[in-house]
Amino acid sequence: RCDRLLLRLMALPPAVEAVLGAKTYYEAIGLSAQADDLDDVKVRRAYLKASVKVHPDKHPNVVEATAAFQKLSAAYEQLQTAAGRAEYAAELQARNRPNRSDDSGAGNGNEYEFGGGGGGGSRTSG
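The text that follows walks through the structure, step by step, so that each part is easy to find. (Residues numbered from 1 in each chain as written. Predicted model: local features only at pLDDT ≥ 70, side-chain atom pairs only at ≥ 80, totals over all residues. Heavy atoms only, no water.)

### A look at the overall build of the protein
Selection criterion: Put simply, DSSP H or I for four residues or longer makes a helix, DSSP E for two residues or longer makes a strand, and each gets a number counted from the N terminus. Each residue is placed in one exposure class: buried if its accessible area under a 1.4 Å probe, protein chains only, is under 20% of its type's maximum, exposed if it is over 50%, and partly exposed if it falls in between. Contacts were defined at the residue level, with two residues in contact if any of their heavy atoms lie within 4.5 Å. Only the protein chains shown count as cover for residues, and all accessible areas are computed by the Shrake-Rupley method using a 1.4 Å probe.
A count of helices and strands for the protein gives six helices and zero strands. The N-to-C order of helical and strand elements in the protein reads α-α-α-α-α-α. Counting all 126 residues of the protein, 30% fall into the buried class. The contacts of the protein with a sequence gap of at least 6 include a subset with a gap of at least 24, amounting to 57%. Put simply, the protein shows about 8,100 Å² of open surface, and 52% of that area lies on carbon and sulfur atoms.

### Considering the nonpolar core
Using the following cut-off: In this text, buried Ala, Val, Leu, Ile, Met, Phe, Trp, Tyr and Cys residues form a nonpolar core when linked through side-chain atoms within 4.5 Å.
Counting 22 residues, the largest nonpolar core has Y25, I29, V43, V54, L72, L79 and Y88 as its most contacted members. Listing elements by their share of this core, those giving two or more residues are helix 2 (14-21), helix 3 (25-29), helix 4 (40-54), helix 5 (64-79) and helix 6 (82-96). For this core, the leading source of residues is helix 5, giving seven residues.

### So, the environment of H55
Its place among the elements puts H55 in the loop between helix 4 and helix 5. Taking relative accessible area as the criterion, H55 reaches 28% and is therefore assigned partly exposed. A C-alpha to C-alpha distance of 7.1 Å links H55 and T66, two positions eleven residues apart in sequence.

### Overview of the pattern of salt bridges
Worth spelling out the cut-off: We count a salt bridge whenever a side-chain nitrogen from Lys or Arg sits within 4 Å of a carboxyl oxygen from Asp or Glu.
Under the counting rule described, the total for this entry stands at three salt bridges. In this structure, K42 and D37 form a salt bridge, with 2.6 Å as the shortest nitrogen-oxygen distance. Looking at K42, the relative accessible area reads 34%, which means it is partly exposed. Salt-bridge contacts for R85 lead to D40; the nearest nitrogen and oxygen are separated by 3.1 Å. Separated by 45 residues along the polypeptide, R85 in helix 6 and D40 in helix 4 bring together distant segments of the chain. We classify D40 as partly exposed; its relative accessible area is 38%.

### A look at the packing of helix 2 against helix 5
Using the following cut-off: Interaxial angle, 0 to 180 degrees, is taken between N-to-C directions of lines fitted to C-alpha atoms, where a helix line uses only the stretch in contact. When an angle is under 35 degrees it counts as roughly parallel; over 145 it counts as roughly antiparallel; between 65 and 115 it counts as roughly perpendicular; any other value is oblique. Each crossing gets its handedness from the near helix: less than a right angle anticlockwise from the far helix is left-handed, clockwise is right-handed. Residues are grouped as follows: Ala, Val, Leu, Ile, Met, Phe, Trp, Tyr, Cys and Pro are nonpolar; Asp, Glu, Lys and Arg are charged; every other residue, Gly included, is polar.
Interaxial distance between helix 2 and helix 5 falls to 9 Å at its minimum, and their mutual angle equals 55°. Overall, the two elements helix 2 and helix 5 adopt an arrangement that is oblique. The crossing of helix 2 and helix 5 is left-handed. Judged by residue contacts, V16, V19 and L20 of helix 2 engage E64, A65, A67, A68, K71 and L72 from helix 5. Among the residues making up the contact of helix 2 with helix 5, the classes are represented as seven nonpolar, no polar and two charged.

Rendered as structure tokens:
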């Protein structure tokens, strides 16, 4: 019985786990990159809905909730405008291109580490 309780306490909340396991910003905030009808309002609504689920205040004993919330914030910063979404689409396309000859760091498996999106600088997950 104690082992089950301990496992339950150690398990991440599903929303936190989903954000931390997301491979793209779209996946992190719960949207499809292929959706034709994405606009600023839909992105904002998806971000707000996801951020409430992983907010550190909702999960005070889950250290990973802060990292998940930061990833959501970075995702929203990039995707909140049409220009940001276009920039991110180009980044994803470049990352998925085979046999890249440059060493720009894109395609390193961590989509949260690249500049752009109005804030400049490098985003990191934690």
